[in-house]
Structure formats: structure tokens, C-alpha cells
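What the coordinates show
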Amino acid sequence: MTLPPTHARVVIIGGGVSGCSVAYHLAKAGWTDIVLLERRKLTSGTTWHAAGLIGQLRGSQNMTRLAKYSADLYVRLEAETGIATGMRQVGSISVALTEARREELLRQATLARAFGVEVHEVGPAEVTAMYPHLNVEGVTGAVHLPLDGQCDPANIAMALAKGARMAGATILEDVEVLAVTDDGRRVTGVDWIAGDDKGHIAAEVVVNCGGMWGRELAGRSGVTLPLHACEHFYLVTEPIDGLGHLPVLRVPDECAYYKSDAGKMMLGAFEPVAKPWGMDGIPADFCFDSLPEDFEHFEPILEAAVNRMPMLADAGIHTFFNGPESFTPDDRYYLGEAPELRGYWIAAGYNSIGIVSSGGAGMALAHWITEGAPPFDLWEVDIRRAQPFQKNRRYLKERVTETLGLLYADHFPYRQVATARGVRRSPVHEHLKARGAVFGEVAGWERANWFAAPGQEREYQYDWGRQNWFDNQRAEHMAVRTGLGLFDMTSFGKIRVEGRDACALLQKLCANDVDVEPGGIVYTQMLNDRGGIESDLTITRLSETAFLLVVPGATLRRDIAWVKDHLNGAFAVVTDVTASEAVFCLMGPKARDLMRAVSPNDFGNAAHPFGTAREIEIGMGLARAHRISYVGELGWEIYVSTDQAAHVFEALVEAGDPMGLTLCGIHTLDSCRIEKAFRHFGHDITDEDHVLEAGLGFAVRTGKGNFIGRDAVLRKREAGLQRRLLQFRLTDPEPMLFHNEAVVRDGKIVSIVTSGNYGHALGGAIGLGYVPCAGETADEVLASDYQIEIAGRRHAAVASLAPMYDPKAERVRA
């Protein structure tokens, strides 16, 4: 056999469709010193038994772009390589059996139109015409995407591998990677074994495409890659006369999908409670293997399928298959460079959509590696969202029992995961629970989303309209606007940057001027070279050489990685101090009254102006009070060491209850911020949204000197904006906005709502969204007629560039 070389520019680990796609796209980018190592045979892990469904519409614009890229690539691969990919655009039909599912499908159809994906809403009669074998009893609606399709997964991987070889890549089978080597900071290569031979490949880039083996391999290098294999079931019938090529059919309310292939029918399942597999690691000799049958587990799916597809009652079963696939805690795969180790890249954890994802993911990762930045915003699948604790095997085993089934569950807004909860808690978690908190989870943190009234059920009743907590949110929201609200925001990510060069480092990274007096708080963004927003944060100067960066809990690892990646020898230390301090946000017109009741310090405007932090006495403890607000009201964020947090919370509640203090949840924080048109990272602002087009130019100081993104800001100011972020309010107070509804300008869909919530003080649903505006003035943009399309229905909307609530920000400075 051919042994691996001693040197390579990049080593790719894993010869499934993901690894082959990365090799193919790096080769197409001009890299020739590429080595792919497969422990057994190409496709022998999960790829060979994948269903091969190609659904182009995903839950966001960029995931849809990647899926559409995959479909286009697989069509042209056959001509390029001579290997039949089996790619047929037979279309797909998704049917609803409930009114809630029908609403979801109609919302998806609106999204498809906004993303440029051909889509048709169809009724039972049209479904029958396209799918005569289907029993349409109980069908409430359906959506047809004519350009969806199906393919041969193994042949696609082989075609990608051949294309990579044709462009100069080396692909070797039966070579197992024992370890990725490093010098403590970045990768240096891999150690391998092949039969009796062992060796080392020196490389500056290593890509882990190890699929269900990936977590264990990453762990050997101290890299977090949280995924776990689950058993995945399908059956294939004997040949059925006259079956032909039918569209792919999805019946999510029965957890089932159907695919006709070679005259046979495949029935696959995403059951609500899945079976994790491989808790003790994946067997070393696993290769083209299947798992033991469990017909009892699959039987409820089959029973519903025989009713839905009566011909299955007479069709013999040719194959009943059970094979492993890897799933992640949030049903999204992982791409990008690991924050723990430079040069260690990942493309893994595809949650049963690996075939439709891998073409685009390989393209995106190759671009990221070769150009130093992704082709567009990929935060949704960025490996930097993974939390270190999530590699815990007990946690993963429990969580993936749920995430497999969530693929076909109703995707209601605000849906919360039910498994593997309670891992990260605030010091006042039990206090909140005792007062009615209903918790959600972000980055492992348990956060109070809303507070139930006495006697009210403490659980979500999901709906596409007003959910059971709508009135609770209104009460909390209006308490913040008219009185006093208290939020526990301990989950804020907190990063301490300190040292001789800390100020100079942050001045280079931040668009705003952070060289302020100690105690000053600066709202700023960190930009990339394109002027896109890499981080949205506040920075508090604690001393001449120490700064506190406060970021969303979900982006903490991304933000730390960004700062560390730009140290470049600076004399500064970057430390995650999230767990050291709790944070209580006291907000509302009466906030100063309560602060004075619990502290002897001076909270007047002269002594403690907006945008400053002061150490204070509070109760019998000490804390820092930051006068800043994400809800647009007078208030303070109180940072207190975790050991004193419970005491300070109790002091606030004891003094606040007679004043009408209301405990508030994350849903209210969001509804208040959206009335103020405050941006939310990951929705309204991302690394491909220019800071000026996002309306955040007020936080940019080009005159302070050079910083990352400054040239892009100056170029945009010279060239003019191509789009603007607007705030919208529906004139009808009844409809709800969440996100991904279509923005309609003068009768034409131009974009989507990036985030939405209900503005209780403004009297209607509020959304944010970008509108193209090349060559237009602000007045011309606002002069148009705007509507928001929700599930195919259009609703009149008022648009504004200034915040609709307190546009002059007078309330926060009161």
C-alpha cells in the first residue's frame, strides 16, 4: 500500500462525504499538498447508509445557500468526474396533519420565497395528483418544492474524492490517525498507523471530519466537539410495480419520510425518543456495519405509515436497516477552527443532513481556511458556540435522545429543550424558581424566561399565536416601562482583559474609543476587515490596565477566541470570569428609588451618570453598579461576586416588594429591547452585516486612529449604504412576529425580519429587518409602503429608522 508522506499543507481526517468535500474544495482553491486519511474505507462510517435527501430550504438564508450550493454541485459532479451521483430533482412534498403544522409549512413557504427557492402551497387534491399512493385523510395543507431531490450518497462522496484526486490531492484508505500533534498553541501534524507501519505527517492545518469518531479524536487534543451517535432506522420495500420516480415525501406529524428509489419505497423515521449508541466509543473495527434490529422501536412509525401509504400493507420488506449517525446538542453541525488550538479545523456532527450539507460546508470551510474568513455569516454552525461542559458523555447521551426527534417536531417559536437541563445555574436559581420562574436554556445556562402567576402552570403551551405566557410578559414589560423590573442576567459572558498593553489591544480591536477614564462604560463592536460585526459588547474600564468585556452568554467562546487571536505578542492576559460574578439588572423609572433604599451611595446623575460604573455598598455586601441599559429605561446592572449574590438579591427583593418590584424574564428583556430597536447579535447583526448599514455608526470613532475595519467604514461612508436596518411595527395589533417573516416593500419581497417580538408599550408586534437602499436617501426608503408577510398573509407595517420608543433616549438618562 502507499504510505502517507512526511509533510502536507493540510491533513483531513475522515473519508466520508464531509472529508471528501473539504478535500475537493481545498483542491479547487488551488491547494495541492492535501492528504486525506481514512481509517478504513471511504464512506464506511455513516455516508454509505445515508438516505440522500436533498432539501434546499433550511431555517436561515445562509444554511439555504449552502444547501442550494450542494444541490448544484451534485448535479455537475457527474459530468466532471464520470461517477454517477444519482442526483435527481424529483421535488419534495411536506404535508401537515394539524393546523399548527400547516402554519409552520406556510411560514416556511414565505421563507422560501424570500430566499428565492421555488415553492408552491398545495391542497389535498394537488397532493393526490402528485402522490397518488398517499392517503390524504386528515391532511390540512402541504408545500411542494419542485427543485428538491435525492441522490446516491456513497457515489457523491466517491465523486468528490475523485475530483479532489484529479486536482492533486492524496487520498489514502486504511490509515488511522492516532493523534493530532501540537506545540501547545497550534497543530503541528498527525501521528498515523497503517497495519504494521507508523509515521508522522507534519502539517500546519488539520481538519477533523471524523463524524461519530470526531469527539473522541478531538478530546485527545483538548478540543471540544460535542456530538453523540444515535441509532437511525429505515426500511426498504421489495419492488413495487409502477412506483416510478415520486417526490420525496415528508409527514413530520408522523415522524416519517418516504423516498422512491429503483422501484422500491424507503420509509425512514425521526422518532420522538431516540436511542443513543456508542456510549463507550465507536468500535475500532466498525466498517460498513449496521446495528441490531429493533422492530419494536420502529413499529409505531410503521403502523402510521401503513395507514398513510396503504400500499405498504402489501409490499414485502426487503431491508430493515439500523445504522448510527451523529447528533449534536442543538441539532446544528460544526464548522470552523477550534478555539482551543490554532490550525485545528472541524466539519462534523451533521444531524442526519450530512449529504445536503456537506457540499456547501466543504466549500465554506475551504474558503474559511484559505481566505482567513468564512464566505458569509456561519455563526449558526460555528464550532465556537460549543461549551466545554457539552463534551460530557452523560449530558450528550441524554440530550441526543431528544435532538434526533426535534428534526421533525413542530418548530414552534420559543420551543425549549427538555433533556439534559440544569447544568449551569445562577446563584439565585432557587430564589427565582420559588417565585414562579419558568426557565429556558442557552449555552447550558438556566435562565428565567418568564414568571408564572400563583396557581398558573409553569410550562410552555406552544403556539404560533399568543402563547400562554403572553399576559405574563405584558405585565413584566409594563412594569419595566412604568415602575420597576428585576432581571437575573448572570449568564452574561464576562471577559477580563488586563496588562500593560490591554488598552492598546482593545483600541485595535474595537470601533469605539475605549481609552476612557476608569469607571467608564463604552458600547462598541469589534469589526472584521470588511466592516462586519464580529462582536457586540460593552467594555468597562476597571483601572488603567484592566477592562471588563460583557458579551452574550452564547458568544463568549467566540469573543474570547477573537481577542486571543489578535494578541500578536501584546502584554495582556485574557480571562473568562463569567462564573465569578452574578448580574442583576434593575430597570425602570423607579430604579433610583430602590437603589437608594439598599445602598448609601449617591445614584444621582452628577455622581453616577449614564455610561459609568461605580463600586457600591449594597445590603451588607459590595458590588459594582453599571449604569447601562438594554431595555431603554433608567437602570443599573449590578455585578456582585457569586458568594454575595443571594444576599444582594434578597436585599433588593425585600426593599423592592413594597415598591412594586416585578421579577422579569428573558422574553421581556427581548420585547423591551426590540421596542428600542436595540440590535441582537446573531439575528440583527452578524459578521457579514456592515456596522454602518446596521445603524451603529454612532459607536464608531474613525478619528481615534487605526482599528480593524476602519478602512471598510471609510469606504462605505464614501460609497454609500447598500441597505439599512429598519424597525417595523404592525398596524394590526393581533399578529405576532418572531423572525424570518418576509419584508415586503411596495408589493415585492425584499428581505426578512431578522428578529421580532411584541411591543406592549407600542401596541403591536415589532420587527427589525434590512431593506436594500442603494442610491436612496433615508427619506426615500421610509416613503415606501411596507408590509410583513406571515404564513402567506400580508400585514401593513410602519417603518422607522429611529427607535419608535423614546427615540431621543431621554428615559435612560433621567
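Residues numbered from 1 in each chain as written. Predicted model: local features only at pLDDT ≥ 70, side-chain atom pairs only at ≥ 80, totals over all residues. Heavy atoms only, no water.

Along the protein chain, the regular secondary structure elements total 18 helices and 39 strands. A compact globule built from 814 residues should have a C-alpha radius of gyration of about 28 Å, and the protein chain, at 27 Å, falls within 12% of that. If one aligns the C-alpha atoms of the protein chain with their principal axes, the spans along those axes are about 80 × 65 × 55 Å. Buried residues in the protein chain amount to 60% of all 814 residues. Taking as baseline every contact in the protein chain between residues at least 6 positions apart, the subset at least 24 positions apart corresponds to 72%. Mean positive and mean negative side-chain charge positions of the protein chain (80 and 104 charges, respectively) differ by 5 Å. (Helix = DSSP H or I, 4+ residues; strand = E, 2+ residues; numbered from the N terminus. Rg over C-alpha atoms; globule rule 2.2 N^0.38 Å. Buried < 20%, exposed > 50% of the residue type's maximum accessible area, 1.4 Å probe, protein only. Contact = heavy atoms within 4.5 Å. Lys, Arg positive; Asp, Glu negative; His and termini not counted. Charge placed at Lys NZ, Arg CZ, Asp CG, Glu CD.)

On to the sheet that holds strand β33 (residues 662-663), then. The strand order across the open sheet formed by 6 strands is β30-β31-β32-β29-β23-β33, and the pairing between neighbours is mixed. Of all the strands in the sheet, the pair left with one neighbour each is β30 (613-618) and β33. With 7 bridges connecting them, strand β29 (residues 581-587) and strand β32 (residues 635-641) associate as antiparallel partners. Of the residues in β32, the one forming a bridge with Glu581 is Ser641. Contacts from helix α15 (residues 642-656) reach β23 (485-488), β29, β30, β31 (621-626), β32 and β33 within the one sheet, and its direction differs from that of β32 by about 140°. (Pairing = 2+ DSSP bridges. Axes fitted to C-alpha atoms, helices over the stretch in contact; angles between N-to-C directions.)

Since the α-helix advances by 3.6 residues per turn, residues separated by three or four positions end up pointing in the same direction. Helix length check: helix α5 (residues 153-166), at 14 residues, gives a terminal C-alpha distance of 20 Å against a target of 20 Å (1.5 Å per residue), a fit within 8%. Residues of α5 that are buried include every one of Pro153, Ala154, Ile156, Ala157, Ala159, Leu160, Ala161, Gly163 and Ala164, and no others. Summarising the contacts, the buried residues of α5 are in contact with α1 (17-28), α2 (61-81), β8 (170-172) and α8 (354-371). Capping the start of α5, Asp152 holds a side-chain oxygen 3.3 Å from the backbone nitrogen of Ala154, two or three residues further along. Looking at the residues trailing α5, positive phi occurs at Gly168, about 110°. (Expected span 1.5 Å × (residues − 1). Polar contact = N/O pair within 3.5 Å; in protein donor to acceptor, adjacent residues only side chain to side chain.)

Here the focus is the environment of Leu407. Mapping Leu407 onto the fold places it in the loop between α9 (393-406) and α10 (429-434). Taking the C-alpha atoms as reference points, Leu407 and Phe270, 137 residues apart in sequence, are found 7.0 Å from one another. Not counting residues up to four positions away in its chain, the partners in contact with Leu407 are Phe270, Phe327, Asp331, Asn351 and Ser352.

This brings us to unusual backbone geometry. Although it is not a glycine, Ala443 sits at a positive phi angle of roughly 55°. Tracing the backbone through its elements, the reader meets Ala443 in the loop between β21 (437-442) and β22 (445-451). Looking at Ala443, the relative accessible area reads 15%, which means it is buried. Of note, the phi angle at Ala809 is positive, near 55°, even though the residue is not glycine. Looking at the element boundaries, Ala809 is found in the segment after β39 (793-800). By relative accessible area, which is 22% here, Ala809 ends up partly exposed.

So, about the sheet that holds β8. Read across the open sheet, the 6 strands follow the order β8-β2-β1-β12-β20-β19; overall the sheet is mixed. Looking at the sheet topology across the chains shown, the edges are occupied by β8 and β19 (334-337). The sheet shows a mean angle of 15° between the axes of neighbouring strands, taken without regard to direction. The strands touched by α1 within the sheet are β1 (10-13), β2 (34-37), β12 (205-208) and β20 (344-348), with β2 carrying the most contacts at an inclination of about 175°. Helix-sheet contacts for α8 involve β12, β19 and β20, and the interaxial angle to β19 is about 10°.

Here helix α13 (residues 556-565) lies mainly inside the structure; 8 of its 10 residues are buried. Turning to α13, its buried residues are Leu556, Arg557, Arg558, Asp559, Ile560, Ala561, Trp562 and Val563. In the core, the buried residues of α13 are packed alongside β24 (493-498), α12 (502-509), β25 (521-527), β26 (533-541), β27 (546-551) and β28 (573-576).

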